[in-house]
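Reading the structure
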Amino acid sequence: MEASQLQRPKAKLSKQAWVAYALIAAPFLLMVLLIVYPASLSIVRTLRPEVEGVRRFGLENYQAFFSDHTSVTNLIFTLWSTGAIIGLLFAICLPIALYLRFTDSWIAHWVQGLALFPLFVPGIILAYALIRFIGPNGLLETFIEVTTGWQGYRTPYLKPAGSIIGLVWEGIPITVLILTAGLAQVPDNLIEAARDVGAGRLQIFFRIILPLIGRSLLIAFALNFLGVIGAFTLPYLLGPAAPQMMGPFMQRTFYNVLNPDAAETQAVITFLLSSIVGFLYVRSAVRQQKEET
Amino acid sequence: MTFLRRLAKDPFGIVIFIALFLFIIGPMISVVLWAFSIQWRYPSLLPTEWGLKFWAQTFKRADILQALPLTLMISFIVTIVSAIICLPAAYAFARIKFRGSQFFLLSFLATNAFPRFGLYITIAVIFLKLNLISTILGVVLIQLVNTLLFMIWIPTAAFKGVDKSLEEAALDVGASRFRVFWQITLPQVIPAISAALLLTFVGTFYETQGAILIGLPGIRTMPVLMLSLINNQLVVQYGAILSLTLWIPSLILLLFARRVLSGKTLAAGFGV
Amino acid sequence: MFRICVGLLFLLLLSPAFSQETIDLYNGSDTNISDWYSNSVIPMFQQAVPECKVNQVITGGGAGGNDPIVDRAYAAFKTGDDPKADYFEQFDPFRPVGAMDEGFWVEFSNDNVPNYASVVDAAKETPYNLPYRGSQVLLAYDKTKVAEDEVPHTWDELVAWIKANPGEFIYGRPDRGGSGRNFVVRAVHEANGRDPSLFTVDNFEADLASERFAAAWEILNDLAPYLYDNASYPAGNTPTLQLLAQGAVSMIPAWSDQAIQAINLGVLPESTGLVQLEDLPLVGGYATSTIPSNAANLDCALKFADFVLTPEVQTSVVEEIGGFPAISWDLLPSELQAKFADVITNQVPDFPGGDWNSAMNDSWYENVAPNVNRND
């Protein structure tokens with residue numbers, strides 16, 4: 001099919017191309033007007049710091065960020081939390097996805113339903129619910145005390161673990177969906193062939209399945225990274241006062257420290273980090289494109 | 001007995017199910033319990049006094065009842081407009097070769113990564129100039145931007161996955177292009193598009209940041225109204241009742257979604 | 001004849017629009033205040049000034065309060081557009097940076113708000129905001145856990161109590177609500193000879209601030225290990241109060257009005273005690289409203305500002321939300337004065353907004369908050 005398309009005359013291709021540009025114009029313009037334009041304004045502003053009353057080009061804002069202990073601590077904390085969240089998501093979702101791929105029972109249907117459930121719960125409700133559930137003297141603590149008599153429960157509410165739990169909860173559906181879709185592309189006959197030659201479960205997983213779903217893992221990583229690194233509601237309501245994740249930190253710098261320049265610098269740095277991950281994703285997409293053609 | 005035997009066949013599934021159930025549903029259970037309690041003092045496992053006293057008080061608030069239809073309407077408009085502008089774009093990305101298509105497609109993902117909160121104020125300034133603040137149009141526009149990624153990526157993957165040999169066969173026997181699209185292409189992508197519509201609707205319904213900055217004072221959507229009531233209330237029950245109420249539209253969608261999402265179509269949209 | 005009819009019809013159609021301005025009033029305070037507005041203040045105003053309508057927009061909670069809306073209005077001020085905001089129930093006019101000097105906020109005077117004359121001097125910090133209700137922070141505690149003779153009456157006794165009862169005390173993050181903020185302020189005062197007059201709106205200097213704060217952070221860091229759950233600072237007045245309500249801690253600093261309302265609602269048990277420190281009270285403050293000078297309905301906004309300073313509303317401040325009036329007690333009904341004779345102060349000790357406040361909050365985040373989670 002690809003070949004038949006390539007053989008079409010060039011003139012026709014370019015006419016089609018104009019149609020394509022027309023079709024994508026509306027969403028693209030909307031994005032340029034409402035994201036790209038204001039975002040560029042804000043990037044330019046961070047590059048034009050006010051020195052002695054005059055705005056001029058310079059990197060002072062970025063120097064200030066990286067020489068400020070709190071900012072660096074918060075950035076590192078954000079990356080650390082993001083890593084922990086993504087690690088946990090893989091640890092939780094990979095077994096679920098494998099289970100869903102190789103089982104077709106009514107329990108599997110329920111497991112899938114449960115895994116998708118968080119898609120339909122907004123962050124604000126989740127934060128509220130988690131405070132009542134894992135919070136001090138919450139349902140979980142009383143449940144543990146009543147059933148086991150153990151008094152040692154320490155609530156993760158207002159600690160780094162609080163925001164991590166919340167964000168993992170939110171990230172489960174997308175991760176499970178992407179991993180199941182990746183696993184669906186692993187051909188049954190390949191696995192059966194491996195089984196026939198006596199490969200064990202772990203061997204099949206590491207030798208056959210894992211290399212084949214590398215791309216899904218990368219996508220799951222990228223989407224979760226982009227979602228978590230700028231998260232605001234859950235870290236703000238469930239996380240600690242310090243160190244802070246970038247989302248609440250930006251907000252605090254903007255509204256409470258009254259330093260919009262610093263807040264914008266933080267936003268741009270967060271964006272740059274996301275871009276690195278975005279780049280990995282783009283590279284993989286381009287490679288796939290090449291493989292196809 | 002057969003029930004137990006069936007369970008025993010799938011021990012791993014049961015373990016996963018119970019663990020997920022505790023983690024996912026546990027927090028929701030505590031909300032439900034709070035909503036139907038009058039008093040719940042530690043260390044009681046269950047509310048010390050049950051009742052519906054706070055329900056009546058919550059729904060005495062007229063603003064909540066006004067906000068619900070407005071929010072539903074805005075979410076519907078956003079979803080429909082998003083579909084109208086994004087689905088043709090998705091078709092173009094999937095089926096037409098043109099210079100820079102990869103760049104344009106990825107630009108929707110890249111821009112999605114820019115932290116929103118700083119942008120909204122700049123956008124608010126633009127909207128002030130255009131007189132869009134506090135109008136439905138303004139809120140629709142700001143929320144529309146957030147829907148672009150899902151509404152383009154998921155359908156693009158679906159259109160790419162359409163079996164072209166069927167289409168070509170139909171064209172060969174003389175069917176019109178429109179008929180081929182309507183009868184052959186569309187049915188194949190319906191599940192993915194429904195999934196994208198669903199995600200768009202839910203995401204829009206719960207969006208707050210843009211709705212606050214662009215919508216206030218005239219347009220107040222449910223989540224904006226509830227944000228303050230959920231986390232700023234002395235009486236825990238109000239928040240619980242509002243959370244449950246706010247969750248009803250989702251619950252209905254979830255029931256609808258079971259069919260759509262159980263197909264593995266949705267995930268393909270993320271380029272898997 | 002026909003023309004006259006059409007003309008009349010037009011007049012009829014247009015007249016309500018002209019005679020009835022609606023002010024957009026943003027309320028970012030806790031719900032006890034916004035409820036009080038919906039149920040008392042606004043209906044009272046509507047009766048007294050029927051030509052102005054009020055649209056209350058509640059912005060409290062996790063959304064950053066009035067800040068985003070103020071930023072929007074300030075941007076509109078610079079570009080000359082309608083800010084879609086006429087009145088902020090509570091805002092610090094020192095924000096956004098530079099706005100005050102550029103004339104963004106209305107300067108209150110006896111001319112534009114006649115009742116401004118009756119505001120007590122102690123409440124006036126700057127003419128750009130309108131103090132209209134005062135309240136103080138005090139200690140709320142659980143009588144079943146804190147014995148009568150253990151109840152602290154001085155800062156030293158409080159510190160001793162906290163250390164003797166590890167994990168039983170907590171205060172909120174200073175930028176997230178006055179109860180935590182004013183507890184931190186009290187520590188700053190303690191470290192600086194208990195002299196609130198050292199801090200004024202105009203005397204901020206960065207060096208002076210870091211010097212004065214350093215001693216206070218020593219005090220608070222010394223307390224940190226004895227606070228609730230290794231010092232897990234909640235994000236707001238309400239979350240702090242709920243920790244007490246849940247029995248997770250047995251003493252907190254709390255706004256007097258919010259604590260009293262919580263007891264009335266049954267959120268806090270009857271056995272909740274309230275106590276004020278005697279060596280220097282925990283500071284309180286006046287809630288101050290602001291009006292953007294570019295408000296589309298400036299006249300009505302000023303009328304509203306004037307109205308909240310009437311003895312009628314000020315009486316309601318005392319009776320309905322347990323606050324202090326911003327005007328002199330002498331102007332209130334005498335039976336009310338008699339009833340509150342023991343608590344009447346003409347002054348609620350305060351700490352200036354603006355630079356001092358934001359420097360303190362930021363410095364707290366840098367110096368006190370990080371000592372919290374190291375053990376986790």
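The rules behind the values
- Residues numbered from 1 in each chain as written.
- Chains lettered and ligands numbered in written order.
- Predicted model: local features only at pLDDT ≥ 70, side-chain atom pairs only at ≥ 80, totals over all residues.
- Heavy atoms only, no water.
- Domains from an automatic or database assignment.
- Buried area = accessible area lost by both parts, 1.4 Å probe.
- Polar contact = N/O pair within 3.5 Å; in protein donor to acceptor, adjacent residues only side chain to side chain.
- Helix = DSSP H or I, 4+ residues; strand = E, 2+ residues; numbered from the N terminus.
- Contact = heavy atoms within 4.5 Å.
- Salt bridge = Lys/Arg side-chain N within 4 Å of Asp/Glu carboxyl O.
- Nonpolar A, V, L, I, M, F, W, Y, C, P; charged D, E, K, R; others polar.
- Disulfide = S-S within 2.5 Å.
- Phe/Tyr/Trp six-rings, centres within 6.5 Å; stacked < 30°, edge-to-face > 60°.
- Buried < 20%, exposed > 50% of the residue type's maximum accessible area, 1.4 Å probe, protein only.
- Lys NZ or Arg CZ within 6 Å of the ring centre and 35° of its normal.
- Pairing = 2+ DSSP bridges.

Let us now look at the domain arrangement of chain B. Residues and elements named next belong to chain B. Each domain of chain B was delimited in the assignment, giving domain 1 (2-51) and domain 2 (63-268). Taken together, both faces of the contact between domain 1 and domain 2 bury some 560 Å²; the carbon and sulfur share is 78%. The interface formed by domain 1 and domain 2 includes 2 residue pairs in polar contact (both at pLDDT 80 or more). Sorting the residues of the side of domain 1 that touches domain 2 by element identifies helix H2 (11-35) and strand E1 (37-39) as the ones contributing at least two each. Ranked by residue count, the leading element in the side of domain 1 that touches domain 2 is H2, at 4 residues.

On to the interface of chain A and chain B. Residue-level contacts link 92 residues of chain A with 94 residues of chain B. At the junction of chain A and chain B, the tally comes to 0 salt bridges. Our count for the contact surface shared by chain A and chain B stands at 5 residue pairs in polar contact (both at pLDDT 80 or more). Counting residues per element, the side of chain A that touches chain B draws most heavily on helix H2 (residues 10-47) of chain A, at 23 residues. Taken together, the residues of the side of chain A that touches chain B sort by class into 70 nonpolar, 16 polar and 6 charged.

This next bit is on the state of the cysteines. The term disulfide refers to a covalent linkage connecting the sulfur atoms of a pair of cysteines. All names here are of chain C. A full pass over the atoms with the stated rule returns 1 disulfide over all chains. Disulfide pairing is shown between Cys52 and Cys300; the S-S distance is 2.0 Å. With the S-S dihedral at roughly -80°, the linkage between Cys52 and Cys300 falls on the left-handed side. Of the two residues, Cys52 sits in strand E2 (residues 52-58) while Cys300 sits in helix H9 (residues 298-308), which places them 248 residues apart along the sequence.

The next thing to look at is the packing of aromatic side chains. All names here are of chain C. As enumerated under the stated definition, the model contains 55 aromatic pairs over all chains in all. Relative to Trp364, the ring of Tyr233 has its centre 4.8 Å away and its plane inclined at 70°; by these criteria the two rings are edge-to-face. A residue pair is termed long-range when its members are at least 10 positions apart, and Tyr233 in the loop between helix H6 (206-223) and helix H7 (237-245) and Trp364 in helix H12 (residues 355-367) qualify at 131 residues. For the pair Tyr233 and Trp364, a shared accessibility class is recorded, and that class is buried. The ring of Tyr116 carries the charged tip of Lys124 above its face, separated from the ring centre by 4.6 Å. A cation sits over an aromatic face here: Arg212 above Phe199, 5.0 Å from the ring centre.

All names here are of chain C. Spatially, E2-E1-E3 is the arrangement adopted by the 3 strands of the open sheet, whose pairing is parallel. Edge positions in the sheet fall to E2 and strand E3 (87-88), since each of these pairs with one other strand and no more. Pairing of strand E1 (residues 21-27) with E3, which is carried by 2 bridges, proceeds in the parallel orientation. Residue pairing in the sheet places Tyr26 in a bridge with Phe88 of E3.

Let's shift gears to the interface of chain C and chain A. The accessible area lost on association of the parts is a frequent measure of interface size. Counting residues at the interface gives 32 residues for chain C and 24 residues for chain A. In total, chain C and chain A occlude about 2,600 Å² of area from one another, counting both sides; carbon and sulfur atoms represent 51% of this. Ionic pairing is found between Arg154 of chain A and Asp229 of chain C, a salt bridge with its closest N-O pair at 3.0 Å. Run the count over chain C and chain A and you get 5 residue pairs in polar contact (both at pLDDT 80 or more). If you list the elements that add at least two residues to the side of chain C that touches chain A, you get helix H3 (67-79), H7 and H12 of chain C. Among the elements that take part in the side of chain C that touches chain A, H12 of chain C stands out by supplying 6 residues, more than any other. By residue class, the composition of the side of chain C that touches chain A is 13 nonpolar, 9 polar and 10 charged.

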